[in-house]
Amino acid sequence: MSSPKTAVTLNPVPGFCVKSKALQQTVVRRTATDVSRVHSDVQGVHKSPAPSPIPIPKGLKIFINIAWDANVPPPPPGSDDAIQKAMLGDDSNELSVDEPWFVPVVVSDGRQDTDKDQYHIYCYRGAHNGAISSHAYRPAGQPSIVFDCIFNSSVKSRTLKDPEFKAFVIELALQRIETQTSISLSRQISTPNIASKGKPETRQISVPTALYPDNHPNHRSSSALIQEIPPSDAKVTAKPDISSAPKGILKPQAGSSTALQTPAWSWTKTQSKTRIAVEVPNLTHGEIPSSTLDIEPRRVILKIPPLYELDINLAASDAELMAKFAKSNSGDAALSLKRMRDLEVDTAKAEWRVADKTIIISV
């Protein structure tokens, strides 16, 4: 079962900027889903279509915007000893009661920009009215790459007060970029006198709810995502609690080994919403308490063990989608949905319409 997640929007506040450079030639391959992980826990989602790879020549300038947002999970509580161990890169936990301390960070996809540095070299002819003899000029607009590294706002205060902690935050940002891409970054860095290289981009992320402390506004208790809509003549109490974050909904029955069936499905456009109708004729109340439904900007995963499993991955190729949904005759629906906008994770809702034997997912 997938862990409960909370979908949030980041509007990063610029902090400071760091300039490095690529130590070797490489290529940065990007996808429609921009994933940044902290212990494989935080996933960032970038909504634009999959861009083409970016060639990275050796020596290319890399700008890293360090930014803040309260919706990024904060670091867990930790003693000074645990924090110092993290800053020193000591992951061992021997002879210590402290849990390993870490700082969540969301790293954006790299985006192309230009470096505005420019240089003019003038050579004059002696004393003939100061006439220019030669003029060497390096224009502004040299190519560069920019990354946003977004930390919880609580990290800001110590970063500004403690130079060693600031160095730790910068090193963490460099390491996360190197992990996410194939770029090897120079540690000979500078800090331009700017808050950020361009404006840090707004983005959606999907975060495991467990990363948020109990008192955080984004901490949510587990609740059902699917609301049951009973037949009009049935006296069944509907479950009214609907959360916008992907959460678990059904568990498999003990001892069941039946292969899960891919259900037929279709979709329609209703005003500003996309409405996905999934046919579930064999679904009963017994399965409802323990299924899983994950909704991402380009993917819907519905699991109802031991009956159904639907995985609509809109990042897959046309051929993969047609082959996957051939038996359920839903291939054309997948191709047409693929060409629509990203799904609205924040306002997603789902209903089990008992009389119609369908689950309606509105995104």
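Note that the coordinates shown come from a computational prediction; the quantities given were computed from them, not determined experimentally.

The rules behind the values
- Along each chain, numbering runs from 1 in the same order as the chain's sequence is written.
- In keeping with the predicted nature of the model, local features appear solely for residues at pLDDT of at least 70, side-chain atom pairs appear and are counted solely at 80 or more, and the whole-chain, interface and lining totals rest on all residues.
- To get the side-chain values, all heavy atoms of the structure are used, and hydrogens and water are removed first.
- Relative accessible area decides the class of each residue, using a 1.4 Å probe on protein chains only: under 20% of the type maximum gives buried, over 50% gives exposed, and in between gives partly exposed.
- Runs of H or I in DSSP of at least four residues are treated as helices and runs of E of at least two as strands, each being numbered from the N terminus.
- Note on pairing: two strands pair once DSSP finds at least 2 bridges between them.
- By convention, a stacked pair of Phe, Tyr or Trp rings (six-membered ring in the case of Trp) has centres within 6.5 Å and planes under 30 degrees apart, an edge-to-face pair has planes over 60 apart, and any other such pair is tilted.
- Take the buried Ala, Val, Leu, Ile, Met, Phe, Trp, Tyr and Cys residues and link them wherever side-chain atoms come within 4.5 Å; each set so joined is a nonpolar core.
- Pairs of residues are marked as contacts when any of their non-hydrogen atoms sit within 4.5 Å.
- Just to be clear on terms, a salt bridge is a Lys or Arg side-chain nitrogen sitting within 4 Å of an Asp or Glu carboxyl oxygen.

Engineer: What is the right way to look at the pairing of strand β12 (residues 203-208) in this model?
Structural biologist: Moving residue by residue along a regular strand, the side chains alternate between the two faces of the sheet. Within β12, six of the six residues are buried, which leaves it mostly tucked inside the rest of the structure. Of the two faces of β12, the one holding R203, I205 and V207 and the one holding Q204, S206 and P208 are both buried throughout. In this structure, strand β1 (residues 5-10) lies alongside β12, joined through six bridges in antiparallel fashion. Paired with A7 across the bridge in β12 is S206.

Engineer: What exactly am I supposed to notice about the packing of aromatic side chains here?
Structural biologist: Aromatic rings in a pair are described by how distant their centres are and how their planes are angled relative to each other. Inspection of every chain in the model, using the stated rule, returns four aromatic pairs. Between the aromatic rings of W101 and F165, the centroid separation amounts to 6.5 Å while the plane-to-plane angle is 55°, which identifies the pairing as tilted. Within this pair, whereas W101 is found in the loop between α1 (80-87) and β7 (106-107), its partner F165 is found in helix α3 (residues 163-180), the two being separated by 64 residues in sequence. Residue W101 is classed as buried on the basis of its relative accessible area of 12%. F165 gets classed as buried once you look at its relative accessible area, which sits at 3%.

Engineer: Would you mind showing me how to read the nonpolar core here?
Structural biologist: The nonpolar side chains of soluble globular proteins are, as a tendency, buried together. Core analysis: the largest hydrophobic core is formed by 34 residues, its most contacted members being I64, I66, C149 and F151. Taken together, the elements giving at least two residues each to this core come down to β2 (13-21), β5 (54-56), β6 (61-68), α1, β11 (142-151) and α3. Per-element accounting of this core gives the leading share, eight residues, to α3. Excluding its chain neighbours within four sequence positions, the residues that come into contact with I66 are P14, G15, F16, C149, F151, V169 and A173. Within the second largest apolar cluster, 32 residues are counted, among which are L283, I288, L293 and L335.

Engineer: Is there a simple way to explain helix α5 (residues 331-338) in this structure?
Structural biologist: For the α-helix, the turn length of 3.6 residues means that residues three or four positions removed from each other point alike. Among the residues of α5, G331, A333, A334, L335 and L337 are the ones counted as buried. Elements in contact with the buried residues of α5: β15 (265-270), β16 (273-279), β19 (308-313) and α4 (318-324).

Engineer: How do you make sense of the environment of R339 when you look at a structure like this?
Structural biologist: Among the structural elements, R339 can be located in the loop between α5 and β20 (349-353). The exposure class of R339 is exposed, given its relative accessible area of 53%. Residues R339 and L314, spaced 25 residues apart in sequence, show a C-alpha to C-alpha distance of 8.5 Å.

Engineer: Can you walk me through the pattern of salt bridges in this structure?
Structural biologist: Pairing between side chains of opposite charge can happen when the charged atoms of each approach one another. Counted by the stated rule, this structure contains 12 salt bridges. Ionic pairing is found between K303 and E309, a salt bridge with its closest N-O pair at 3.9 Å. Among the residues examined, E309 registers a relative accessible area of 31% and is labelled partly exposed. Each of R111, D148 and E201 takes part in one network of salt bridges that share partners.

Without other data, these values stay purely geometric and don't point to any function.
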